[in-house]
Amino acid sequence: MCLLLVLLLCVLMSLPKGWAADIDPVYVALNDPVLLNIPGYPNAEKDQVTWKDGNGVLMGKFKNSSSYKQLTVCECELFRNGSLYLKRLDTVGNETYRVEVFDQSGKSITTASLLVTVIVPVSDPVLELSCESEERAVLTCRAPSGTDPVYSWTIYEGNIGHLTVNEDHLIFSLPFSVSVSCTARNDVSESTRRVSLPFVSCSVPVSDPVLEVSCLTNGSALVSCKVESGTNPFYSLIHNGKTVYENSSSPLVNVSLPLSSPGNISCSVRNRFSTKETGVQGRYCPVAGGVAVGHIVFKMAVFVLYSSLLGSMLLTLLRMRRDEGQQTIYINDIGNLQIRQ
């Protein structure tokens, strides 16, 4: 154990004076400046300092604070203590900068790499309330822009019932009222938005209406219309483009419409959030017994025609018998008419 400690001390003593390991990223907002200090070595005024970008391009160098060379390859400036000031970072992403410090004899004192991460600041968050059902609502917080925002909530007052927090949204049981704020933040910025929601209850959109049409014996139709879901639906029954019935409290059931000739039937259902409509085109309901009456009329016409024909045949037979001098005519002879020579 003692030998291990001695070796460790030797390693530490062999490191250059002021040595600094790589450090965590430096986060900078897009288009903002940043001052990069030499890690673990705050004052290099009497030393030689060089800075290079991630591609190894020299950005600045001086031999001491009174004699140094400022390069024009970047929008940057060297400070007397050896720090590098970058005036504007206009590219989102990571860049690693390397600094080296030597004494006046050229001996290395310290080297370090600084990872600079440029990100987009978060914008003001937007709060939106939506209804999932008549029992539950969701309040969502979103920053329209910003790199990797995280969200937190503060509830000030209200009657919220059952509440579930899921980072960027709150899930409330209904009804509820609340005063709440949401904060969006990342490593370079944060923004907060507060809202007060009065008593909130939710309506759900209407579903597609179910339309049923059946025929009565008098040639009219029984029409029913309903929806499976929807808060406070308002029903309208439309016949040939004209609204003939409306009901705002319950489904339409067994509404009678005359359909002895073809007609278009549709049902429209609406509430605050949606409108749905369905219809039947050219529906026809015949009068019951209409076919039987027509059949009777046809039979009567056939009977009249047959009677006329029978009468004509009878007259013809009478003339023939009269010509032959016969006085008696039998009905059975009508079907056996013959012309006698």
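Please refer to the structure placed before this passage.
These remarks concern the structure in this document. (Residues numbered from 1 in each chain as written. Predicted model: local features only at pLDDT ≥ 70, side-chain atom pairs only at ≥ 80, totals over all residues. Heavy atoms only, no water.)

Turning our eyes to something else, we now look at the overall build of the protein. From N to C terminus, the protein includes two helices and 23 strands. Put simply, the protein has 341 residues, and 33% of those count as buried. In the protein, of all internal contacts separated by at least 6 residues, the share reaching a separation of at least 24 is 54%. If you sum the accessible surface of the protein, you get close to 21,100 Å²; carbon and sulfur atoms cover 54% of it. (Helix = DSSP H or I, 4+ residues; strand = E, 2+ residues; numbered from the N terminus. Buried < 20%, exposed > 50% of the residue type's maximum accessible area, 1.4 Å probe, protein only. Contact = heavy atoms within 4.5 Å. Areas by Shrake-Rupley, 256 points an atom, 1.4 Å probe, with all protein chains shown as cover.)

Ranked by internal contacts, the top residues of the largest apolar core, which has 23 residues, are Leu36, Trp51 and Leu86. Listing elements by their share of this core, those giving two or more residues are strand E2 (34-36), strand E3 (48-52), strand E4 (58-64), strand E6 (76-78), strand E7 (84-86), strand E8 (93-102) and strand E9 (108-119). For this core, the element with the most residues is E9, which contributes five residues. Once you skip the residues sitting within four places of it in the chain, leucine 36 turns out to touch Trp51, Ser83, Leu84, Leu86, Tyr97, Leu114 and Val116. (Core = buried A, V, L, I, M, F, W, Y, C linked by side-chain atoms within 4.5 Å.)

Before going further, it helps to examine the sheet that holds E2. Taken together, three strands build an open sheet; the order of strands is E2-E7-E6 and the sheet is antiparallel. The strands lining the two open edges of the sheet, one partner per strand, are E2 and E6. Neighbouring strand axes in the sheet, compared pairwise and without regard to direction, differ in orientation by 20° on average. Bridge analysis of E2 against E7 gives three bridges, and the strand direction is antiparallel. (Pairing = 2+ DSSP bridges. Axes fitted to C-alpha atoms, helices over the stretch in contact; angles between N-to-C directions.)

Overall, the coordinates contain five salt bridges when judged by the stated rule. Measuring nitrogen to oxygen at the nearest pair gives 3.3 Å for the salt bridge that ties arginine 185 to glutamate 190. Classification of arginine 185 as partly exposed rests on a relative accessible area of 29%. With a relative accessible area of 52%, glutamate 190 lands in the exposed category. (Salt bridge = Lys/Arg side-chain N within 4 Å of Asp/Glu carboxyl O.)

Here we come to the state of the cysteines. All chains considered together, the criterion is met by three disulfides. Each sulfur of the disulfide joining cysteine 141 and cysteine 182 lies 2.0 Å from the other. Between cysteine 141 and cysteine 182, the disulfide has an S-S torsion of -90° and is therefore left-handed. Of this pair, cysteine 141 sits in strand E11 (residues 136-142) while cysteine 182 sits in strand E15 (residues 176-185), and the two are 41 residues apart along the sequence. In this structure, cysteine 141 and cysteine 182 share a single accessibility class: buried. Put simply, cysteine 225 and cysteine 267 are joined by a disulfide, and their sulfur atoms are 2.0 Å apart. A torsion of -90° about the S-S bond marks the disulfide between cysteine 225 and cysteine 267 as left-handed. With cysteine 225 in strand E18 (residues 220-226) and cysteine 267 in strand E22 (residues 263-270), this residue pair connects regions lying 42 residues apart in the sequence. Its relative accessible area of 1% is what places cysteine 225 among the buried residues. The class of cysteine 267 is buried, set by a relative accessible area of 0%. (Disulfide = S-S within 2.5 Å.)

With that settled, consider the sheet that holds E11. Read from one edge of the open sheet, four strands run E10-E11-E14-E13, paired in antiparallel fashion. Each edge of the open sheet is held by one strand with a lone partner, namely strand E10 (126-131) and strand E13 (163-166). Across the sheet, the mean angle separating the axes of adjacent strands is 15° when strand polarity is ignored. Where E11 meets strand E14 (residues 169-173), five bridges bridge the pair, whose relative direction is antiparallel. In the sheet register, leucine 139 faces E14, and the bridge partner there is leucine 170.

We now examine the packing of aromatic side chains. If you walk through the whole model with that rule in mind, you get two aromatic pairs. Ring centres of phenylalanine 172 and phenylalanine 176 lie 4.1 Å apart, and the angle between their planes is 5°; this geometry places the pair in the stacked category. Given a relative accessible area of 0%, phenylalanine 172 falls into the buried group. A relative accessible area of 1% places phenylalanine 176 in the buried class. The side chain of arginine 194 reaches across the aromatic face of tyrosine 156, ending 3.6 Å from its centre. (Phe/Tyr/Trp six-rings, centres within 6.5 Å; stacked < 30°, edge-to-face > 60°. Lys NZ or Arg CZ within 6 Å of the ring centre and 35° of its normal.)

The calculated volume of the largest pocket comes to roughly 310 Å³. For the largest pocket, the lining is made up of 16 residues, of which Arg88, Leu89, Asp90, Thr91 and Tyr97 are closest to its centre. When contributions to the lining of the largest pocket are tallied by element, the ones reaching two or more residues are E8 and E9. Of the residues in the lining of the largest pocket, the class split is eight nonpolar, three polar and five charged. (1 Å grid on protein atoms, 1.4 Å probe; cavity = no way out; pocket = protein on both sides within 12 Å on 5 of 7 lines; lining within 4 Å. Points joined across faces, edges and corners; volume = space filled by probe spheres on them. Nonpolar A, V, L, I, M, F, W, Y, C, P; charged D, E, K, R; others polar.)

Quick look at the pairing of strand E16 (residues 190-200) now. Relative to E16, E15 runs antiparallel, the two sharing nine bridges. Across the sheet, the residue bridging to serine 179 is serine 196, located in E16. A loop of four residues connects E15 with E16, the two strands running antiparallel in sequence.

Keep in mind that these numbers describe shape and distance, not what the molecule does.
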